[in-house]
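Below, each chain spelled out in residue letters.
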Amino acid sequence: MSAISYRSGKEPHPKEHRVVFKNVDREGWDTSIATYESEGGYEQLKKAFGMEPSAITDEVKKAGLRGRGGAGFPAGVKWGFLPPNNEKPVYLICNADESEPGTFKDRYIIHQDPHQLIEGMAISCFATGAHLAYIYIREEFPEGAEILEKAIAEAHEKGYLGKDIQGSGFDLEIYVHRGAGAYICGEETGLIESLEGKRPYPRIKPPYFPAAMGLYLCPTIVNNVETLCHVKHILEVGGEKWSETGTPNNTGTRILCVSGDVQKPGYFEVEVGKVTMGELINDMCGGLKEGRELKAVIPGGSSAKVLRADEVFSVGKGDDARELTIWDIPMDFDTLAACGSMAGSGGVIVIDDSRSISWVLNNINNFYAHESCGQCTPCREGSLWMKKITDRVVAGKASPSDIDTLDGVARNIDGRTICAFGEAASWPTESFVEKFRDELVADTDPELEDDFLNAEAITAAANLG
Amino acid sequence: MSEEKPDLIDVQINGEWHSFPKGTRMIEACRQVGVEVPHYCYHPKLTSPGNCRMCLVEMGMPPRPRPGDDPPEPDEDGHLPISWIPRPAIACANTIAPNMGIRTESEMTEECRKGVMELLLANHPLDCPICDQAGECSLQEFSVEHGNGESRFREQKVKKPKNVDVGPRIRLDDERCIMCSRCIRFTDEIADDPVLGFTDRGSHTVLTVYPGKELANNYSLNTVDICPVGALTSNDFRFQMRVWFMKEVKTIDTNCATGANITVYSREDKIYRITPRQNNDVNSDWMPDSHRLNFHWIESEARLTEPLVKDGDQHRSASWQEALATTADKLAGLEGSEIAVIASARMTNEELLITNRFVKHLEAGHVDTVPRTGEADGYLISADRNPNTLGVKTVLGLDDPGSQLSAIQEGIEQGRIKAVISLQENLIEDAGFSADTLKKLDFLLVSYPLANPTADLADVVLPGAAWAEKSGTMLNITGRLQRLNKAVDGPGLTLEPWEIVRDLIQATGGGNGIYSVNDLFQQLAAEVSEFEGLTWGRIGDLGIPLIETGETIPLLEREKERIAKGLIVG
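Residues numbered from 1 in each chain as written. Chains lettered and ligands numbered in written order. Predicted model: local features only at pLDDT ≥ 70, side-chain atom pairs only at ≥ 80, totals over all residues. Heavy atoms only, no water.

(A) Representation of the overall build of chain B within the structure. On a plain count of helices and strands, chain B comes out with 17 helices and 24 strands. Dimensions of chain B along its principal axes, counting C-alpha atoms only, are 100 × 60 × 35 Å. Among the 570 residues that make up chain B, the fraction classed as buried is 57%. Counted over contacts in chain B with a minimum sequence separation of 6, partners at least 24 positions apart contribute 68%. By element, 48% of the accessible surface of chain B is carried by carbon and sulfur atoms, the whole surface being about 23,700 Å². (Helix = DSSP H or I, 4+ residues; strand = E, 2+ residues; numbered from the N terminus. Buried < 20%, exposed > 50% of the residue type's maximum accessible area, 1.4 Å probe, protein only. Contact = heavy atoms within 4.5 Å. Areas by Shrake-Rupley, 256 points an atom, 1.4 Å probe, with all protein chains shown as cover.)

Right under this line is the structure:
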């Protein structure tokens, strides 16, 4: 095997640790099954067939693999929720609805290394007893869908999918299902509804936990693209060995997607927790733009709570207690949670001092108002209300009390909705108001305090005399 | 937890411990102990999507000790302490668990309700003064209890379609809709006609009827009943009357043998609307549109409002006294075998009892009722379109109602039968009698609410009350005894059929001491074995099972299946 080389200008940064992204931007690499097989492709699947399915789940548990889609929930534990003595079919769904603003990792896996995903899925299906799997891919990835279709056909032809795969007696079909352009389809129960041909209204939990009552009310596992790819690598080296990358409880590698005000935005696969925010921005992304200062970072996709550049974060307990600046934060699940935000989907959005905070928040609120599915009251009514307020803040048509209302609306959503979209839509506003209240208020005009903007309120005010 | 009662679970509600059967929803547990949890989307007969969020409550469970920690100590009643969860839970779809705590009056619960109310009203048009739902609107009711009083919403409201024609009987105002999806679930789960759905997203979501379809099934108006706001309104009722002016009377539908329980809404003796009334043994919460809207004839121009007697070829108005005296005269010279009494399976048991007396008093040789049948619709409409066929069998003692009608016609044709007394029936249009046959009679008496071809031929016409104008009891297809209650007074000189028959007995020389329908009921209870020992009060608003018929109501059977599957509360 010759040394791997990457296309010019696309070379991984030395601080990267490429596992899942090993073949992304690689010189001479293509999406064909021949290329994939030439480097040990589907060997792990063959190996899996020699193992007990439960042993594979055990390896995934040992690895401590946490979901790369946003919630960071341990994948092996998720698989363990499948009901024992189940007699219904089990489904596995690959969530390729990568829609969180600031996140663009799954598309590169799909576009450049689709067989890695298919192998990871096949192994996962064998482990969980699924004979039918779906890749739910967002509408905005038409090319990705075609690449996956072709890859599935190739895998079929080579006997890695279909009946009696490699003489194992195990049957598996994978279908690509394209979404229709809705963020909510990334929420696993919304995705399942959509796959069933319905509006993607997320289901209430309880009782509809997918592992017990998922697709067609059968046990269903929903995992992110990157998560499923890792399963292949866990099998290759063993769960224990795999868990030696990264840091304890934050094992393995993950792909960070950096966008916004840096010299060199892009994707970087790093060992979880081994790279700090400072290293990510200053080393890997070439630092901030010329003459600019850091104002804020949204560390885990647009729904993650914003971190202000001058904050001091107290993390850890007891002997482990320490204070961190934004630059010192190791990019792992637990530390970012301790800093009051989350690692989320790995989408790191960098905001420098050229940006108006009102504009940034309004941009986010626009997205969530547009994407709220409208099923449950708080998110449906609240997300548009927040957008309308920040629309006015940006336009200079808001008064200071609007900022209090904005925060009040967000807190009427947070924790009260059917799905996590409620938090996704309200955390940006809550955190921006908490951390940048002065700047938001500065964009308002106290003289507009008594202005009513809807006809109904004008009438009501007149009647109050 | 007390082990002695394995099917009961102890739950603390607002500080008090109660026991409920396993599987009870939190909202129902609260209701059972008199704690109301406000809600919009939840309906016990439909699945629970949990979308309105109005029923959010603070909830707690016993603390989970960390490894090494001591388990929590139960108190002297065996209850563990409750560790309150910082995230509120919906009470509608969640079932109770052992040692669960529910707080419906805590700050967290109240904040949730206030928040949801504010958000529901943000884009609501607040057009209560012209909204038909005003006065019976859940948004109004919960605003009083949980609203903010003033609005923080300064923005332009979302504009949506108004006055949308979604079907022949229903109109939609999308701006008033709070997207609770009750109507969508009803049409899908109960009416098997899933033509409604949401389109667009977020705050712009609109309720829509599927392109090219309409909400036209015979149960469509139930969506208006369960709409918690004024989004769906009935074309028949909208803008006719403010709901708070109307008198409500609990009674039963008489359009078929199911006997759906209903409420009649009237003002000054005019009926404005009918809605189904919950009875889980008869009609659940529903009724067919065709039955619900079949009341406008009651105020028709064709109503008979005074007795008529024939003068040559013409009818003229008469007093009750004259009409009854005429009847007595005509019957006086006849043998019992020359008289036929045709009563109605639309009559109450009390009316049938006194008709039976009348038949015996006249020694009438012939008695029958007129059957009405149609197709059963597989939901609530029975093939028997008479409301009290079972009463005819039980009280009037006819084994096979309708079997004598052709013999009676033959008897008239052959001159053996000279007089027919037709009580609350229209023999030409509903029993297939020909006018020529009836013309052969020496005497024809017709009591009926409306003018009709049979009455045209009658020597004496008596104005009988319509179903909504009389009281009594009926037996439905399943053998359930139910009360029909008078909702409005009949027009003019109309009398209830039991009064008419009583007066006929008196006019023909019989006597009885009957002054009220309740006197008749007491006699029923004394004389008819099935009714033995019953009192009017014991029947109650929901009726009581009286006779085993083995008949079932298809819609109820399907609801039972859904209850058994845990899909609905029931």
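There is more to say after this.
(B) Here's a closer look at a nonpolar patch on the surface. Residues and elements named next belong to chain A. Together, Phe73, Val77 and Phe81 make up a nonpolar patch on the protein surface, roughly 270 Å² of accessible area in all. Inspection of the secondary structure assignment puts Phe81 in the loop between helix H4 (75-80) and strand S1 (90-96). Since its relative accessible area comes to 48%, Phe81 is described here as partly exposed. (Patch = residues over 30% accessible without salt bridge, like charges linked within 9 Å, V, L, I, M, F, W, Y side chains within 5 Å. Salt bridge = Lys/Arg side-chain N within 4 Å of Asp/Glu carboxyl O.)

(C) Representation of the domain arrangement of chain B. All names here are of chain B. Each assigned domain of chain B is listed here: domain 1 (8-105), domain 2 (128-239) and domain 3 (308-554). Domain 2 puts five residues into the contact, and the matching count from domain 3 is four residues. Buried area between domain 2 and domain 3, summed over both chains or domains, comes out near 320 Å², and the portion from carbon and sulfur atoms is 49%. Area buried by domain 2 at its contact with domain 3 is led by Asp192, Asn218 and Tyr219, which between them contribute 82% of it. (Domains from an automatic or database assignment. Buried area = accessible area lost by both parts, 1.4 Å probe.)

(D) Broad picture of the pattern of salt bridges. One pass over the full model with this rule turns up 72 salt bridges over all chains. A salt bridge links Glu244 of chain A to Lys241 of chain A, with the shortest nitrogen-to-oxygen separation between them at 3.9 Å. Summarising the burial analysis for this pair, Glu244 of chain A and Lys241 of chain A share the class exposed. With its nearest N and O atoms 2.7 Å apart, the salt bridge here joins Arg169 of chain B to Asp289 of chain B. Taken together, the residues span a long stretch of sequence, with Arg169 of chain B in the loop between strand S7 (164-167) and strand S8 (170-172) and Asp289 of chain B in helix H6 (residues 289-292) at a distance of 120 residues.

(E) Main features of helix H14 (residues 497-507) of chain B. All names here are of chain B. Extensive coverage of H14 is indicated by the burial of nine of its 11 residues. Along H14, the residues classified as buried are Pro497, Trp498, Glu499, Ile500, Val501, Arg502, Asp503, Leu504 and Ile505. At the C-terminal side of H14, Gly509 shows a positive phi close to 95°.

(F) Seen up close, the sheet that holds strand S14 (residues 270-276) of chain B. Residues and elements named next belong to chain B. What the three strands build is an open sheet, ordered S12-S13-S14; its pairing is antiparallel. Two strands close off the open sheet at either side, each with one partner strand: strand S12 (247-252) and S14. The mean inter-strand angle of the sheet, taken between neighbouring strand axes irrespective of direction, is 30°. Bridging between S12 and strand S13 (residues 261-267) involves six bridges; their strand directions are antiparallel. Directly across from Glu248, in S13, lies its bridge partner Tyr265. (Pairing = 2+ DSSP bridges. Axes fitted to C-alpha atoms, helices over the stretch in contact; angles between N-to-C directions.)

(G) Representation of the packing of aromatic side chains within the structure. Inspection of the entire model under this criterion finds 23 aromatic pairs over all chains. Relative to Tyr368 of chain A, the ring of Tyr183 of chain A has its centre 5.7 Å away and its plane inclined at 80°; by these criteria the two rings are edge-to-face. Of this pair, Tyr183 of chain A sits in the loop between strand S3 (173-178) and helix H8 (188-195) while Tyr368 of chain A is found in helix H13 (residues 357-371), placing the two residues 185 residues apart along the sequence. Assigned by exposure class, Tyr183 of chain A and Tyr368 of chain A land together as buried. Residues Phe521 of chain B and Trp536 of chain B carry aromatic rings whose centres are separated by 5.7 Å and whose planes lie at 80° to one another, so their mutual orientation is edge-to-face. (Phe/Tyr/Trp six-rings, centres within 6.5 Å; stacked < 30°, edge-to-face > 60°.)

(H) Layout of unusual backbone geometry. Note the cis peptide between Lys205 of chain A and Pro206 of chain A, where omega equals 0°. Look at the link from Pro206 of chain A to Pro207 of chain A: it is a cis peptide, with omega at 5°. Relative to the elements of secondary structure, Pro207 of chain A occurs in the loop between H8 and strand S4 (220-224). A positive phi angle, near 50°, is found at Glu268 of chain B, a position not held by glycine. In this structure, Glu268 of chain B sits in the loop between S13 and S14. Residue classification places Glu268 of chain B among the exposed positions, given a relative accessible area of 75%. Not every positive phi belongs to a glycine, and Ser284 of chain B is a case in point at roughly 55°. Along the polypeptide, Ser284 of chain B turns up in the loop between S14 and H6.

(I) Broad picture of the environment of Ile274 of chain B. Residue and element names in this part refer to chain B. For Ile274, the location among the structural elements is in strand S14. For the pair Ile274 and Leu352, spaced 78 residues apart in sequence, the C-alpha to C-alpha distance is 26 Å. Those residues in contact with Ile274 that lie beyond four places of it in its chain are Ile262, Thr263, Val264, Met287, Arg292, Phe295 and Trp467.

(J) Quick peek at the environment of Asp97 of chain A. All names here are of chain A. Tracing the backbone shows Asp97 in the loop between S1 and helix H5 (106-112). Look at Asp97 and you get buried, because its relative accessible area is 4%. Remark: the alpha-carbon pair of Asp97 and Trp385, spanning 288 residues in sequence, is separated by 26 Å. Sequence-distant contacts of Asp97, defined by excluding residues within four places in its chain, comprise Tyr136, Ile137, Arg138, Ala182, Tyr183, Cys185 and Gly186.

(K) Inspection of the nonpolar core at higher detail. Counting residues in each nonpolar core, the largest one holds 80 residues, and the members touching the most others are Phe432 of chain A together with Tyr40 and Leu207 of chain B. For this core, the element with the highest residue contribution is helix H16 (residues 421-442) of chain A, accounting for seven residues. Those residues in contact with Tyr40 of chain B, other than ones at most four positions away along the chain, are Cys52, Met54, Met117, Leu120, Ser138, Leu139, Phe142, Ile178, Cys180, Arg182 and Pro228 of chain B. Formed by 60 residues, the second largest nonpolar core is a distinct cluster that contains Trp29, Ile33, Ile137 and Leu235 of chain A. (Core = buried A, V, L, I, M, F, W, Y, C linked by side-chain atoms within 4.5 Å.)

(L) Region of interest: helix H14 (residues 377-395) of chain A. Between its first and last C-alpha atoms H14 of chain A spans 27 Å; for 19 residues at 1.5 Å apiece the expected length is 27 Å, and the two agree. Among the 19 residues in H14 of chain A, 16 count as buried, and that is most of the element. (Expected span 1.5 Å × (residues − 1).)

(M) View of the interface of chain A and chain B. On the side of chain B, 40 residues touch chain A, which itself brings 45 residues to the contact. Together chain A and chain B conceal approximately 3,500 Å² of surface at their shared face, both sides included; 48% is due to carbon and sulfur atoms. Scanning the region where chain A abuts chain B turns up four salt bridges. Between Arg87 of chain B and Glu423 of chain A there is a salt bridge; the shortest N-O distance is 3.4 Å. Listing elements by their share of the side of chain A that touches chain B, those giving two or more residues are H13, H14, helix H15 (400-413) and helix H17 (455-464) of chain A. With 10 residues, H14 of chain A is the largest single contributor of residues to the side of chain A that touches chain B. A class-by-class count of the residues in the side of chain A that touches chain B yields 16 nonpolar, 15 polar and 14 charged. (Nonpolar A, V, L, I, M, F, W, Y, C, P; charged D, E, K, R; others polar.)

(N) The arrangement of the side chain of Arg25 of chain B in detail. Residue and element names in this part refer to chain B. Along the polypeptide, Arg25 turns up in the loop between strand S2 (16-21) and helix H1 (26-32). The charged side chain of Arg25 is buried without a salt bridge, its nearest counter-charge being Glu28 at 7.7 Å. Excluding residues within four positions of it along the chain, Arg25 makes contact with Tyr42, Ser48, Ala91, Cys92, Ala93, Asn94, Thr95, Gly566, Leu567, Ile568 and Val569. (Lys, Arg positive; Asp, Glu negative; His and termini not counted.)

(O) Region of the structure containing the domain arrangement of chain A. Residue and element names in this part refer to chain A. Split by domain assignment, chain A resolves into domain 1 (33-244), domain 2 (252-352) and domain 3 (357-461). Here the C-alpha centroids of domain 1 and domain 2 sit 28 Å apart. In this complex, domain 1 contributes 18 residues to the contact, which on the side of domain 2 involves 23 residues. Here domain 1 packs against domain 2, burying approximately 1,500 Å² in sum over the two surfaces, 57% of which is carbon and sulfur.

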